[in-house]
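As a plain string of letters, each chain reads:
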Amino acid sequence: MYHGRFNGTHYEIGLKWGGLLLKNGKKLLDGVPFPITEERIKFSRRCIPSYEQYFPEVLEEIEGIAAGQKIASEKLMAVLLSMYCIMPEQKCSCVAFKNENHIILARNSDFLTEIEKLYMNCIYKIKKPAAFGPPYSFQGNTTAFVEMEDGVNERGLAIGLTAVWPSVLGAGLNAGMILRYGLERCATVPEFTEALKALPIASSQTFTAADRQGNAAVIECNAEQTEIRYQDEEHPFVSAVNSFHLDSMKHFNNTQIDNWNAEERYQTIQRAFEAEDKRDPEFAKKILSGRFGFMCRYERATGKDTVWSVIYDLKELEIYRCEGNPSRRKFIRDKRFALLP
């Protein structure tokens, strides 16, 4: 996993990183695992006005990367803004739960082994005040760049996404950009859910979110509908895979595609909470590593694997990450990013 620390304005961050990669002979467009088609370019053009209105700073970062790479930004925009909308997409599992000692969000990221050395862990400290106020610093993980697939910010809001095959598409922000928007701009789960209601959404996905106040929720959403389930007495934990499970969202599921054993992963999480009462980071590690059933047991020869796992303990202010498949590798505590006390 590539580790990056980014400081400065959005544009400065992009310019410095893009230039550093080029200096070391790395061209971002050469590593894209899908063709940059005219369809992607046209789709990204449709989405740009939404970013200009709701999240212009992220476009500035992409422009900075393009300048550092000495390329036009159009193809970078096509890659990043079409993700989760025009497949392929990553397959993931999320779960959040709490007790008097822990508030935990845990996530597996499952994707292609051929580009696993390109996956990134990022620490962002953005200096430029935006119209809404100074953006929050955050740590996040991604199979790409700019967009984030899970993360936690300095205020103790953690979010993880799982992509869902899109039966509907809109002109708006995609899953990874929405998650990053939440990390930069929101301090709590209610703030994030309210923000989602106002944003134009392009892709189909779930977000599992938890905060230091003890709120936890799973949000299932696409261009047409958003549904939210909070953790409560009736639902002592919330979880998500690469399909919708809330009743009003199920009709959007595509049952004809390969979702990498999504339902098996979902049922594994359910069984874990039936099998064990202890709720701590070790319990989360057992879930992610497949101790309760199928979770990360992919055959690497097929090009599939769990490429990282992460556990955010928001009460203890601890981050544990496994860089690789958690059934074979250990979780290591990451002490580089401090949440506000």
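Residues numbered from 1 in each chain as written. Predicted model: local features only at pLDDT ≥ 70, side-chain atom pairs only at ≥ 80, totals over all residues. Heavy atoms only, no water.

All right, on to the overall build of the protein chain then. Summing up its helical and strand segments, the protein chain has eight helices and 14 strands in all. Relative to the compact-globule value of 20 Å for 341 residues, the protein chain shows a C-alpha radius of gyration of 18 Å, a close match. Taken along its principal axes, the extent of the C-alpha atoms in the protein chain is 55 × 45 × 40 Å. Counting all 341 residues of the protein chain, 62% fall into the buried class. Here the contacts in the protein chain between residues at least 6 apart in sequence split such that 66% fall between residues at least 24 apart. (Helix = DSSP H or I, 4+ residues; strand = E, 2+ residues; numbered from the N terminus. Rg over C-alpha atoms; globule rule 2.2 N^0.38 Å. Buried < 20%, exposed > 50% of the residue type's maximum accessible area, 1.4 Å probe, protein only. Contact = heavy atoms within 4.5 Å.)

With that settled, consider the packing of aromatic side chains. Using the criterion set out here, one finds 16 aromatic pairs in the structure. With a centroid separation of 5.5 Å and 85° between ring planes, the pair formed by Phe192 and Phe207 is classed as edge-to-face. Of the two residues, Phe192 is situated in helix 6 (residues 189-198) and Phe207 in strand 8 (residues 205-210); the sequence distance between them amounts to 15 residues. Like Phe192, the residue Phe207 is buried in the burial classification. Each ring, one from Phe273 and one from Phe283, has its centre 5.1 Å from the other, and the planes form 90°; the classification is edge-to-face. With Phe273 in helix 7 (residues 262-275) and Phe283 in helix 8 (residues 281-288), this residue pair connects regions lying ten residues apart in the sequence. As far as burial versus exposure is concerned, Phe273 and Phe283 are alike and both buried. (Phe/Tyr/Trp six-rings, centres within 6.5 Å; stacked < 30°, edge-to-face > 60°.)

Let us now look at the pattern of salt bridges. In this structure the tally under the stated criterion is 18 salt bridges. Across the pair Glu57 and Arg185 runs a salt bridge whose closest N-O atoms are separated by 2.8 Å. Pair noted here: Glu57 is in helix 3 (residues 56-69) and Arg185 is in helix 5 (residues 175-185), with a separation of 128 residues, a long-range link. The residues Glu57 and Arg185 share a single accessibility class, namely buried. Two residues, Lys285 and Glu282, come together in a salt bridge whose shortest N-O distance is 3.0 Å. Remark: Glu282 and Lys285 occur in helix 8; sequence separation between them is three residues, near one turn of the helix. Looking at Lys285, the relative accessible area reads 17%, which means it is buried. Using a relative accessible area of 45% as the deciding quantity, one classes Glu282 as partly exposed. (Salt bridge = Lys/Arg side-chain N within 4 Å of Asp/Glu carboxyl O.)

Once that is clear, we can look at unusual backbone geometry. One non-glycine residue with positive phi stands out, namely Val146, at about 70°. Residue placement: Val146 occurs in the loop between strand 5 (138-142) and strand 6 (150-153).

Before going further, it helps to spend a moment on helix 2 (residues 38-54). Taking 1.5 Å per residue, 17 residues should reach 24 Å; helix 2 reaches 25 Å between its end C-alpha atoms and fits that length. All buried positions along helix 2 are accounted for by Arg40, Ile41, Phe43, Ser44, Cys47, Ser50 and Tyr51. For helix 2, the secondary structure elements touched by its buried residues are helix 3, helix 4 (74-82) and helix 5. (Expected span 1.5 Å × (residues − 1).)

Glancing now at the packing of helix 1 (residues 10-23) against helix 3. Two quantities define a packed helix pair, namely the angle between the helix axes and the distance between the axes. In the contact formed by helix 1 and helix 3, the axes pass within 6 Å of each other and the chain directions differ by 30°. Relative to helix 3, helix 1 is oriented roughly parallel. Every pair of crossing elements has a handedness; the one defined by helix 1 and helix 3 is right-handed. Touching His10, Tyr11, Ile13, Gly14, Leu15, Trp17, Gly18, Gly19, Leu21 and Leu22 of helix 1 are Glu57, Val58, Glu60, Glu61, Glu63, Gly64, Ile65, Ala67, Gly68 and Gln69, all from helix 3. Residue classes in the contact of helix 1 with helix 3 are distributed as nine nonpolar, seven polar and four charged. (Axes fitted to C-alpha atoms, helices over the stretch in contact; angles between N-to-C directions. Parallel < 35°, antiparallel > 145°, perpendicular 65-115°, else oblique. Left-handed = near helix turned anticlockwise from the far one by under 90°. Nonpolar A, V, L, I, M, F, W, Y, C, P; charged D, E, K, R; others polar.)

Okay, the environment of Leu161 next. As for its position among the elements, Leu161 is in strand 7 (residues 158-163). Counting along the chain gives 54 residues from Leu161 to Arg107, while the straight-line C-alpha distance between them is 8.5 Å. With residues up to four places along the chain from it excluded, the contact list for Leu161 reads Tyr84, Gln90, Cys92, Cys94, Arg107, Met148, Glu149, Ala175, Gly176, Leu179, Thr206 and Phe207.

Below, the discussion takes up the side chain of Gln205. Its location among the elements puts Gln205 in strand 8. A polar atom in the side chain of Gln205 sits 2.4 Å from the side chain of Ser203. Discounting chain neighbours no more than four positions away, the residues touching Gln205 are Thr162, Ala163, Val164, Ala175, Ile219, Glu220, Cys221, Asn222 and Phe244. (Polar contact = N/O pair within 3.5 Å; in protein donor to acceptor, adjacent residues only side chain to side chain.)

Our next topic: the domain arrangement of the protein chain. Each assigned domain of the protein chain is listed with its residue range as follows: domain 1 (1-80) and domain 2 (89-331). Of note, the centres of domain 1 and domain 2, computed from C-alpha atoms alone, are 23 Å apart. A per-residue breakdown of the area domain 1 buries against domain 2 is headed by Met1, Tyr54 and Leu80, which together make up 23% of the total. Our count for the domain 1 to domain 2 interface comes out at two salt bridges. Counting every contact that joins domain 1 to domain 2 gives 18 residue pairs in polar contact (both at pLDDT 80 or more). Among the secondary structure elements, those contributing two or more residues to the side of domain 1 that touches domain 2 are strand 1 (2-8), helix 1, helix 2, helix 3 and helix 4. (Domains from an automatic or database assignment. Buried area = accessible area lost by both parts, 1.4 Å probe.)

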